[in-house]
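# Observations on chain architecture
What follows is each chain in one-letter form.
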Amino acid sequence: MAGAKMAQNHARAKGNREDEEEDDEIGFEEMGLDPRLLRAISKRKLAKPTPIQSKAIPLILEGKDVVARAKTGSGKTLAYLLPLVHKILGESGGNVSFSGPRAFVLVPTRELCQQVHDDVRSLFEHCGGSFRVVQLTTNMSVQSMTAAMAGPPDVVVATPARISACIQNEILLPSALRDSLSTLVLDEADLLLSYGYEDDLRKLAPHIPRRCQCLLMSATSSEDVEKLKKLVLHNPVILTLMEDATDESIVPKSVQQFLLKCEPRDKLLHALALLKFELIQKKGLIFVNTVDTGFRLKLFLEQFGIKSAVLNAELPQNSRLHILKEFNVGLFDYLIATDDGKSSHPVSDESKEGEEDQGDVPAEKKGASKKTKRLVDAEFGVVRGVDFKHVRTVINFDVPLTPAGYVHRIGRTGRAGNSGLAVTLITPKDEEMLSLVEGVLGGDPEQRTITPFPLLNKAAVESLRYRAEDVARGVTKIAVREARAKELRMEILNSDRLKAHFEDNPTDLELLKHDKVLSKKQPSVHLRTVPEYLRDPSTEAASRQIKIARQVAGDNQRFYKKRKQKKGGKEDPLKTFSAKPKRKRDGQDAGGFRAKKKKVGGQGVPKKKHHSRQKRK
Ligand SMILES: Nc1ncnc2c1ncn2[C@@H]1O[C@H](COP(=O)(O)OP(=O)(O)OP(=O)(O)O)[C@@H](O)[C@H]1O
């Protein structure tokens, strides 16, 4: 059971506690969690709780309503899932039967729905017993929803629209909710209203029993969060978790943020330079604001032998999930993504009714959604909450449309304390948004949070200009339109195949490759490599550092992890080296990189080592 530390933690459970000072750390074992869950935690090799988990889990176990705000990638999902599963395990002894689900987890997007569903299911699997977790998404007909809710399941992960559809279609009876529902989680709460779920949540609110524990998780605070708090929570404990007492930034400190200024016509050129000279670490997630830009970038890059996949709201759901899985296991290095169904394509509400299985949707609605169906899925969203694995770099090819969008985009890297890097391409018209973003990031007002990217200089960019402009001219609007239509046709054909295949082979990801070449014109061999005479020495040197850092991070991951733990610091060549045009000194690298500090970073190598390796080359 809980020890003294847990008692301390419980004692602190009273009242609001915004920006609290650093507490004693509390381990998973001291929280009073079910032993089966402790086994599941140890199987996942989670050594200790993250700060939000340390704070939130004991409070949730006490039965409190909790509003938790913590940075992206800080482990909020397990902060609510562990106590949720604990509670269900505890309620399940003897002959107790339930007429309705015991917990709802409401999320804004399908992608997140799938992720949370998989997470909670795997926790139950580790615990043994026969617990049922279902997900309800927009592509389900009334029949499929009825089948899913029969039983009833123990946990339902869904978008609010689906729950309200279940109530409306009497698949979920208010009496069953009153009797059974004991936990309601609103995950990514700052987004639920902006995704248009306010009505659905208002319809659900009167059916939530008074004794039901309500939890609200979010990465940013907003008026919407306040609204939701009032709608469903009772006298909640408010947790706002920053990394330390002086931390006012809303982005994890482990994410270094850079900008690259360029003219709009040079964005492709700059993206090419970053990737071709390997100045950033893989895997990379590249955000664009429209699907067309995504395909344009893909077609452009593939001419230089740089493969990528495009993830967007118009692809069928199975394809999207497959792309995410492939990217997560590392089958390709670059994923180009649009933000979400809403921001990249304004769509009507009808499109929420789904795109695939519309068995029970009335005919007129089918017609209405058919119009938008080919366009987008409004519940698509990979920026918010989706846990991309091992993304080292986020590139904002287009500046996001809102400051919150920026926070969520770059939050796809630097997760769970890992280091990450974000580079945003800034054109003159983006300066205003950049200031807005800087304004919400917090941190020291005297210092810019987003600084110029130090590793790419003008000479290196210019060395690629001729080739880049030549190729860009070939990526016409027609070529983009054709590639987009071709991809969509293929993915629609593949969608059913994928569904059937995954049911039989859940772990097989090699079936379809999503980073295949889409251009009609096959990439020229001579564009794959940058010839010696075009290479800029300082960029070459920077590129070598990044490669060495990658090798070191890959080869000696365990060593560096331990070392990082010991030092409590992050290691990164970008901290170590300045890419300012060099003054060549004897024995110094041609790139002239100077060490800023003696200590170097997580992905990097000590300066001395780095020089000796370079000399050997
Ligand atoms: N105690 C822990 N130790 C190490 N890793 C953890 C721990 N808890 C969670 N993680 C990992 O951290 C990553 C991020 O967790 P999670 O997705 O819950 O973050 P989040 O706070 O919900 O982020 P976002 O706001 O972007 O949704 C996941 O890969 C998760 O497995």
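With an unreviewed UniProt entry as reference, the protein chain is termed RNA helicase, source organism Riccia sorocarpa. Per UniProt, the protein chain has the following entry under Catalytic activity (unreviewed entry): "ATP + H2O = ADP + phosphate + H(+)". Heading Sequence similarities (unreviewed entry) of the UniProt record for the protein chain holds this comment: "Belongs to the DEAD box helicase family. DDX56/DBP9 subfamily."

### Re helix H19 (residues 458–474)
Every α-helix carries 3.6 residues per turn, so stepping three or four residues along brings you back to the same face. End to end, H19 covers 24 Å across 17 residues, agreeing with the expected 24 Å (1.5 Å per residue, within 8%). The largest bend in H19 is about 45°, located at Arg465. Ala460, Val461, Ser463, Leu464, Arg465, Arg467, Ala468, Val471 and Ala472 are the residues of H19 that are buried. Backbone nitrogen of Ala459 and a side-chain oxygen of the N-cap are separated by 3.2 Å at the start of H19; the cap is Asn457.

### Quick look at the pairing of strand E5 (residues 155–158)
By the alternation rule, side chains of E5 split into Val155 and Val157 and Val156 and Ala158, which are all buried. Examined bridge by bridge, strand E3 (residues 103–106) and E5 share four bridges and lie parallel to one another. Looking at E5, one finds that Ala103 is bridged to Val155. Relative to E5, strand E4 (residues 133–136) runs parallel, the two being bridged by four bridges. By the bridge assignment for E5, Val133 is matched with Val155. Regarding the hand of the β-α-β motif, the stretch spanning E4, helix H6 (residues 142–149) and E5 is right-handed.

### Structural notes on helix H18 (residues 431–441)
Every buried residue of H18 is accounted for by Met433, Leu434, Val437, Glu438 and Leu441. Seen end-on, H18 carries its buried residues on one side only, within an arc spanning 140°. Exposed side of H18, more than 90 degrees from the buried face: Glu432 and Gly439 are the residues found there. Looking at the buried side of H18, the elements it contacts are strand E9 (255–261), helix H17 (403–410) and strand E14 (420–426). Downstream of H18 by a residue or two, Gly442 has a phi angle that is positive, lying close to 75°.

### Things to note about the site of the ligand
Near the ligand, the surroundings consist of 22 residues, among which Gly73, Lys76, Thr77, Glu188 and Asp387 are the closest. One nitrogen or oxygen atom from the side chain of Lys389 is found 3.4 Å from an oxygen atom belonging to the ligand. Coverage of the ligand by the protein amounts to 85% of the 640 Å² it exposes when considered alone. The biggest single contributor to the shell around the ligand is helix H4 (residues 76–91), with three residues. Along the lines of polarity and charge, the residues of the shell around the ligand split into six nonpolar, eight polar and eight charged.

### What about the nonpolar core?
The biggest cluster of nonpolar side chains holds 48 residues, and the ones touching the most others in it are Leu274, Leu275, Ile280, Leu297, Phe300, Phe453 and Leu456. If one sorts the elements of this core by residue count, helix H12 (residues 267–276) sits on top with seven residues. Once residues within four sequence positions are removed from consideration, Leu297 is found in contact with Leu268, Ala271, Ile286, Val288, Ile336 and Phe397. One finds Phe28, Met31, Val85 and Leu239 within the second-largest nonpolar core, a separate group that totals 43 residues.

### Some remarks on unusual backbone geometry
Cis geometry is adopted by the peptide bond preceding Pro152, which originates at Gly151 and carries an omega value of -15°. Note that the residue after Lys282, namely Lys283, is joined by a cis bond; omega there is 5°. Mapping Lys283 onto the fold places it in the loop between H12 and strand E10 (284–288). Unlike most non-glycine residues, Asn235 shows phi in positive territory, near 40°. Among the structural elements, Asn235 can be located in the loop between helix H11 (223–232) and strand E8 (237–241).

### Some words on the pattern of salt bridges
Throughout the structure, instances matching the rule amount to 21 salt bridges. The salt bridge involving Lys298 is made with Glu302; its shortest N-O contact spans 3.7 Å. Remark: Glu302 and Lys298 occur in helix H13 (residues 291–302); sequence separation between them is four residues, near one turn of the helix. Like Glu302, Lys298 is buried. For Lys429, the salt bridge identified is with Asp430, shortest N-O distance 3.6 Å. Classification of Lys429 as exposed rests on a relative accessible area of 66%.

### Concerning the UniProt feature "short sequence motif: Q motif" (unreviewed entry) in the protein chain
As recorded in UniProt, the feature "short sequence motif: Q motif" (unreviewed entry) lies at residues 26–54. As annotated, residues 26–54 comprises 45% helix and 0% strand, and the C-alpha atoms at either end are separated by 6 Å.

About the criteria used
- Each chain has its residues counted from 1, following the order in which its sequence is written.
- Restriction of local features to residues with pLDDT of at least 70 applies here, the model being predicted, together with a cutoff of 80 or more for giving and counting side-chain atom pairs; totals for whole chains, interfaces and linings are based on all residues.
- The side-chain values count all of the structure's non-hydrogen atoms but skip hydrogen atoms and water molecules.
- UniProt positions are given in the numbering used here, feature names are shortened, and annotations may be inferred rather than shown by experiment.
- To qualify as a helix, a DSSP run of H or I must reach at least 4 residues; to qualify as a strand, a run of E must reach at least 2; elements of each kind are numbered from the N terminus.
- For a helix, the expected span equals 1.5 Å multiplied by the number of residues minus one.
- The bend reported for a residue corresponds to the angle between axes fitted to the seven residues ending at that residue and the seven starting there.
- Three exposure classes are used, based on accessible area relative to the maximum for each residue type with a 1.4 Å probe and protein chains only: buried under 20%, partly exposed in between, and exposed over 50%.
- Between N or O atoms, a polar contact is any pair within 3.5 Å; within protein, one atom must be a potential hydrogen donor and the other a potential acceptor, and residues adjacent in sequence are included only when both atoms are from side chains.
- DSSP-based pairing: two strands are paired if at least 2 bridges between them are found.
- With strands facing away from the observer, any crossover in which the path from the first strand over the helix to the second runs clockwise is taken as right-handed.
- Read the arc as the range of directions from the helix axis to the C-beta atoms.
- Only heavy atoms enter the contact rule, under which two residues are in contact if any of them lie within 4.5 Å.
- Residue proximity to a molecule or strand is established when one non-hydrogen atom of the residue lies within 4 Å of it.
- Methods summary: accessible areas were calculated by the Shrake-Rupley approach with a probe of 1.4 Å, and residue burial reflects only the protein chains presented.
- Under the grouping applied here, Gly and all other residues not named as nonpolar or charged are polar, the nonpolar ones being Ala, Val, Leu, Ile, Met, Phe, Trp, Tyr, Cys and Pro and the charged ones Asp, Glu, Lys and Arg.
- What makes a nonpolar core is a set of buried Ala, Val, Leu, Ile, Met, Phe, Trp, Tyr and Cys residues whose side-chain atoms join them at distances within 4.5 Å.
- Just to be clear on terms, a salt bridge is a Lys or Arg side-chain nitrogen sitting within 4 Å of an Asp or Glu carboxyl oxygen.

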